[in-house]
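Spelled out from the first residue to the last, the chains are:
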Amino acid sequence: MRLKHTLPLSFLLFTTRGRLQRSSYWIVSLFIFSTFYVLYTLLIESIGDQSTYFLYPLLLGSLTTTAMKRLHDSNCSGYWLLAVLIPVLGPIWLIYQLGFKKGDRQKNRFGTVPDEAADYFKNDLGQLRPGLKTGERIINDVTQLNPVVVAEVFRPTSVEDLRERLRITTGPVSVGGGRFSMGGQTASPQSLHIDMRGLNQVLDFSKENRTIKVQAGIRWCDIQRYVDPHDLSIKIMQTYANFTVGGSLSVNVHGRYMGLGPLILAVRAVEIVLADGSFVRASRTENPEIFFGVIGGYNGLGIIATAELDLVDNVAVRRKDQKMARSDYYSWFQTHVRSNPDAVFHNGDLYPPAYRNIRAVTWLKTTEQPTVKTRLMPLRESYPLERYFLWAFTETFFGNWRREYLIDPLIYLRKPIHWRNYEAGYDVAELEPRSRTKRTYVLQEYFVPVRQFDAFTERMAEIFNRFGVNVINVSIRHAHADPGSYLAWARGEVFAFVVYYKQRTSETARQEVGTWTRELIDAAVSLDGAYYLPYQAHATPAQFHRAYPDAKKLFALKKTLDPDFRFHNLFWNTYYQPKSLES
Amino acid sequence: MLRLPVLTILMVLIAGFLFFRKKQPAPTTPAGKGCVVPKEWLVSNPHPVTPAEHLRPADQTFLTYPEWFLVHSPAEMADFAHTHTTTTFPFLYHVKQLWQSYGIVYDQIKGSFPFNTGYHVMIWVIGVSTTVEYAFKTLYETIIGRLTNPANGAVVTDEDQFNARLMQDYVDFIRMRPWYEFDFASRIPALFQTTSFFGPYFLRKLDRKYMLLTELLVKTGYGYLIKLGTKASYDEALPTTAVVVDRFPGSGLTSHPEIQVVKAESDGSALLLLPRYEAFHPAVAALVAQGVGFREIAGNNSAILLTVLAPDTWNPGFPECKPVFTQPIKTKPGLKRVAVVTPVRWLAQTVRLLKEQSVNIEHIYDY
Ligand SMILES: Cc1cc2nc3c(=O)[nH]c(=O)nc-3n(C[C@H](O)[C@H](O)[C@H](O)COP(=O)(O)OP(=O)(O)OC[C@H]3O[C@@H](n4cnc5c(N)ncnc54)[C@H](O)[C@@H]3O)c2cc1C
């Protein structure tokens, strides 16, 4: 996928496909000419004049191909190089075109914008490995910690396809969207795995009513591209735009939005394919028990085929930040952010390892001109700086200290203004390490009633430090209460603590993560809070039921709608019918 | 892709090292560090006899060198062009000679005279444009010219012969008049009238037509602009240099109509007007032949710069003049240019001694 990194230099020098941006062209030209000069001088002095002639095919070849790619960058065919034959004007035009003109900001007929990735980071289609039977694939999630062998991968391209498949088959089914959940929620051994990403159409859109109806395999980034030209924006989603609508609904996600909360608040209706292939529509008024069971329901009741979502204006937002003592945060938040009608995004970054200081970052609605040129976030082929920082914060002495006192102050010197869509368009790729084999980055999340903010922070800090957890970041967000989903993580107004940490992949390391995770869960639950379910399933069943008291209602509903327990995944295998696996 | 920038930096460093390393023979060798001219030779004349309108600053004898180098260099190229195509002409060597000699002549006058802003600006303008021109030529000749160049650089195509004529005419012209008055435009039709389209060395013919056409077009345009700029910022220069001689040559002048007498004094001295620039040296030589000595040149009695073209082994060997720097003539192995200074009062003697040694004076820099 990120092929470009592994390509040899010769690819840049001697192929004519694709585009080359201005700065790369300068560098590569400097490289070509200086290399030629060095070789030419050395050859003349050591062997003699004649020996230099073999350099010419290389020189002229690489100059031509790089110039062609540079021309492609402004949508000109490589034949325009022939302009050099027109004396004076031709070379002047070419010098301008090659060395000074900026390339097209959009994709053109020669390719995507150079150094920008063609698309958001995606997980694979299921890996093949020697020894697997025909049809079998390994389904893993983004952490690569949960490989599961499934019997077959099915990728429907229409809702009819999907219903037909469920009608004619029996046996376990697992469903995957973007597969960014981290605890095996998308797979179950020997199940029929349904990859929803083929169902990605926009079915209906109304600019006046500000609604959009989509197939559930579509990703947020696809919707953003669709609604952005109409100056509209997705009402609630996560910070990263790689996720599918179906996967986000099944988890009932949240973002950094102020005045909002769980995704269910922005859903008008969903359409569900049940275990026998039948089709139902659910909203708060129509089949409400299915509506509240399916959203946040981890594919327990049925597969979400379509969803009707609310949209809002795509306003410009300006970043404002303030560093403060953690103990001051709650009252500051109440007066400055909670009821500020202009606050669009808010989060607080709690600095490890002391957890005593917070940087509060708020994006406020503004009428000023955005400081970024593009309306949507441009994607990059690689994020070297981001990766370096992640590495440096977690692997070097005083890494966290440097972040708090040197790097963040610099980063926050800038006062950017973005579009709402831009600020919700991050690519998970920026977090992707080069390799996840030995160490991997994992997320966890805890929710506590807002007034318990200080109590929970203190317990959390104590647990992290006792276990020496390599925490990269704890990001604090706010959410209003859930209107009634069975697995609601926000039973009242809550603060969410998103913990991003690094762990080793060995078995002992995983055991240890399990131990401190269960302590954190106890801490949250004892304060009348909850933990988040799309991550690793370290919680005991007892802890799960204390955190999610309505789970029993959902389980009862599953018995009636999915009597043969077709919809499986690690979540249901762990908490619903642990024994079913052994049989 | 971090590899490319790293490799590029590495290659640029190596290339820079190769380009700037000391090579033998060095393009320019100073006679010593810093100022080598005796300080007492570097004092402006406090009470010149020469009338004010004929006075010129004393440091200009040095500062005119870089300007004149831009005549010496095309002259060398024109000589070369008769026997070789200019594809292998050492353009970059000349660029180095230009800037190095500018540095050396500036070292001589630094501190002794007020900074001559107008002159320095002019040197930078012509220096930079020549550097750009020579760099483009080097680039083009190395990338394309070398590939079409006939064996041993033989001048066999109509186009290379056209180039040789053009170079010669150009040099003859700029010895008298500013370069931008040269009629490049009229050479464009001539280029196509005097050369055949087809013929042996077809690629060479195409390449040269393209290159010569480009050069003529660019110089026509650039010359036009410089002419406008010069008119706007510099006064029309006098075409004469006033000299005060210690002995009026009298009837000796009759065969030299270019030398005008302004005033003859009762003590025998006289104020004469000599032609400036290229013709100044022959006029001086004529006066020296009649045993005349100089007291002032353009009002100055301080140091005056001369360049001579001499065999590799030559040394002035008399105390009246001091060498400042030497530059090998790259296209004529065995020959070098030596810049020397002498006070105005010893100029006649220096010219005489040089003549005795059969050394050619290339130019006398008459401020
Ligand atoms: C870097 C990163 C940042 C994150 N940030 C946030 C955040 O800010 N806020 C937040 O709330 N979460 C966050 N998450 C968690 C993320 O929102 C969830 O993991 C989400 O489910 C990912 O969507 P997905 O399309 O990858 O779903 P998947 O992982 O593919 O699926 C998740 C669950 O939904 C089920 N499912 C998928 N599609 C359907 C369907 N069509 N019908 C029924 N069930 C379906 C799957 O079976 C599975 O149980 C983050 C995750 C990562 C990796």
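Residues numbered from 1 in each chain as written. Chains lettered and ligands numbered in written order. Predicted model: local features only at pLDDT ≥ 70, side-chain atom pairs only at ≥ 80, totals over all residues. Heavy atoms only, no water.

Under the annotation held in an unreviewed UniProt entry, chain A carries the name FAD-binding protein and is attributed to Larkinella rosea.

Quick look at the overall build of chain A
Put simply, the test is: Only runs of H or I of at least four residues qualify as helices and only runs of E of at least two qualify as strands under DSSP, and these elements are numbered from the N terminus. Each residue is assigned to one of three classes by its accessible area relative to the maximum for its type, calculated with a 1.4 Å probe on protein chains only: buried under 20%, partly exposed between the two thresholds, exposed over 50%. Per-residue and other accessible areas were derived by the Shrake-Rupley procedure at a 1.4 Å probe size, with only the shown protein chains allowed to occlude residues.
A count of helical and extended segments in chain A gives 17 helices and 19 strands. In chain A, which comprises 583 residues, the share counted as buried stands at 58%. Accessible surface computed for chain A: about 25,100 Å², of which carbon and sulfur atoms make up 57%.

Quick word on the packing of aromatic side chains
Inclusion rule: Geometry of aromatic contacts follows a simple scheme: Phe, Tyr and Trp rings, the Trp one being its six-membered ring, pair when their centres are within 6.5 Å, and the pair is stacked under 30 degrees between planes, edge-to-face over 60, tilted otherwise. Criterion for a charge above a ring: Lys NZ or Arg CZ within 6 Å of the ring centre, and within 35 degrees of the ring normal.
Counted by the stated rule, this structure contains 67 aromatic pairs over all chains. Ring centres of Phe182(B) and Phe184(B) lie 4.9 Å apart, and the angle between their planes is 65°; this geometry places the pair in the edge-to-face category. Phe184(B) shares its class with Phe182(B); the two are buried. Connected via pairs of aromatic rings, a cluster forms that spans Tyr298(A), Tyr531(A), Phe544(A), Tyr548(A), Phe555(A), Phe565(A), Phe571(A), Trp572(A), Tyr575(A) and Tyr576(A). One cation-aromatic arrangement involves Lys558(A) over Tyr576(A); the distance from NZ or CZ to the ring centre is 5.5 Å. It is Arg146(B) that lies over the ring of Tyr53(A); its NZ or CZ is 4.6 Å from the centre.

Description of the interface of chain B and chain A
Worth spelling out the cut-off: In what follows, a contact means two residues having at least one pair of non-hydrogen atoms within 4.5 Å. Each of two parts loses accessible area, computed with a 1.4 Å probe, when they are put together; buried area is these two losses added. Only one rule defines a salt bridge in this text: a Lys or Arg side-chain nitrogen within 4 Å of an Asp or Glu carboxyl oxygen.
Opposite the 23 residues of chain B that make contact, chain A presents 33 residues. For the pair chain B and chain A, the summed buried surface comes to about 2,400 Å²; carbon and sulfur atoms form 73% of the total. Across the contact surface, chain B and chain A share 2 salt bridges. A salt bridge links Arg21(B) to Glu45(A); the nearest nitrogen and oxygen atoms lie 2.6 Å apart. Of all the secondary structure elements, the ones that give two or more residues to the side of chain B that touches chain A are helix H1 (3-20), helix H4 (117-148) and helix H7 (202-233) of chain B. Here the side of chain B that touches chain A takes 11 residues from H1(B), the largest share from any one element.

Considering empty space enclosed by the protein
Note the cut-off: Here a cavity denotes grid points, spaced 1 Å and computed from the protein atoms alone, that fit a 1.4 Å probe unable to get out, and a pocket denotes an open set having protein on both sides within 12 Å along at least 5 of 7 lines; residues with an atom within 4 Å of a point are the lining. Grid points are joined across faces, edges and corners, and a volume is the space filled by probe spheres set on the points. Classification used: nonpolar for Ala, Val, Leu, Ile, Met, Phe, Trp, Tyr, Cys and Pro, charged for Asp, Glu, Lys and Arg, polar for all others including Gly. In this entry, domain limits derive from an automatic or database-based domain assignment.
Within this structure, the stated rule accounts for 3 cavities of 30 Å³ or more. There is about 130 Å³ of room inside the largest cavity. Lining the largest cavity we find 16 residues, and of these Tyr531(A), Tyr532(A), Tyr535(A), Gln536(A) and His538(A) sit closest to its centre. Top contributing element to the lining of the largest cavity by residue count: strand E16 (residues 439-449) of chain A, with 3 residues. For the lining of the largest cavity, a count of residues per class yields 10 nonpolar, 5 polar and 1 charged. Lining the lining of the largest cavity are residues from two domains, each supplying at least three of them: domain 2 (117-314 + 550-583) and domain 4 (434-549) of chain A. The space that makes up the second largest cavity amounts to roughly 50 Å³. Only H4, helix H5 (158-174) and H7 of chain B provide two or more residues apiece to the lining of the second largest cavity.

Section: the pairing of strand E14 (residues 357-366) of chain A
Residue and element names in this part refer to chain A. Threshold: At least two bridges found by DSSP between two strands is the condition for calling them paired.
The element E14 is largely enclosed, with a buried count of 8 among its 10 residues. In this structure, strand E12 (residues 316-325) lies alongside E14, joined through 10 bridges in antiparallel fashion. Residue pairing across strands places Arg319 opposite Trp363, the latter belonging to E14. The antiparallel hairpin formed by strand E13 (residues 343-350) and E14 contains 6 residues in its connecting segment, where Tyr355 sits at a positive phi of about 55°.

Here's the deal with the UniProt feature "transmembrane region" (unreviewed entry) in chain A
Residue and element names in this part refer to chain A. As a reminder, the rule being used: UniProt positions are given in the numbering used here, feature names are shortened, and annotations may be inferred rather than shown by experiment.
In this structure's numbering, the residues bearing the UniProt feature "transmembrane region" (unreviewed entry) are residues 25-44 and 79-99. The annotated region residues 25-44 carries 100% helix and 0% strand content, and the separation between its end C-alpha atoms amounts to 28 Å. Helix makes up 52% of residues 79-99 and strand 0%, whereas the separation of the span's terminal C-alpha atoms amounts to 17 Å.

Let's talk about the sheet that holds strand E4 (residues 173-176) of chain A
Hydrogen bonds between backbone groups are what pair the strands of a sheet, and the pairing can be parallel or antiparallel. Residues and elements named next belong to chain A. This is how it is decided: Working convention: axes come from line fits to C-alpha atoms, limited for helices to the stretch in contact. Angles between N-to-C directions cover 0 to 180 degrees.
With respect to topology, 3 strands assemble into an open sheet ordered E3-E5-E4, the strand pairing being parallel. With one partner strand each, in any of the chains shown, strand E3 (152-154) and E4 form the two edges of the open sheet. If you compare each strand with its neighbour and ignore which way they point, the axes differ by 25° on average. In this sheet, strand E5 (residues 192-195) lies alongside E4 in parallel orientation, the contact comprising 4 bridges. Bridge assignment links Val173 to a residue of E5, and that residue is Leu192. Relative to the sheet, helix H5 (residues 159-168) contacts E3, E4 and E5, its axis offset from that of E3 by approximately 145°.

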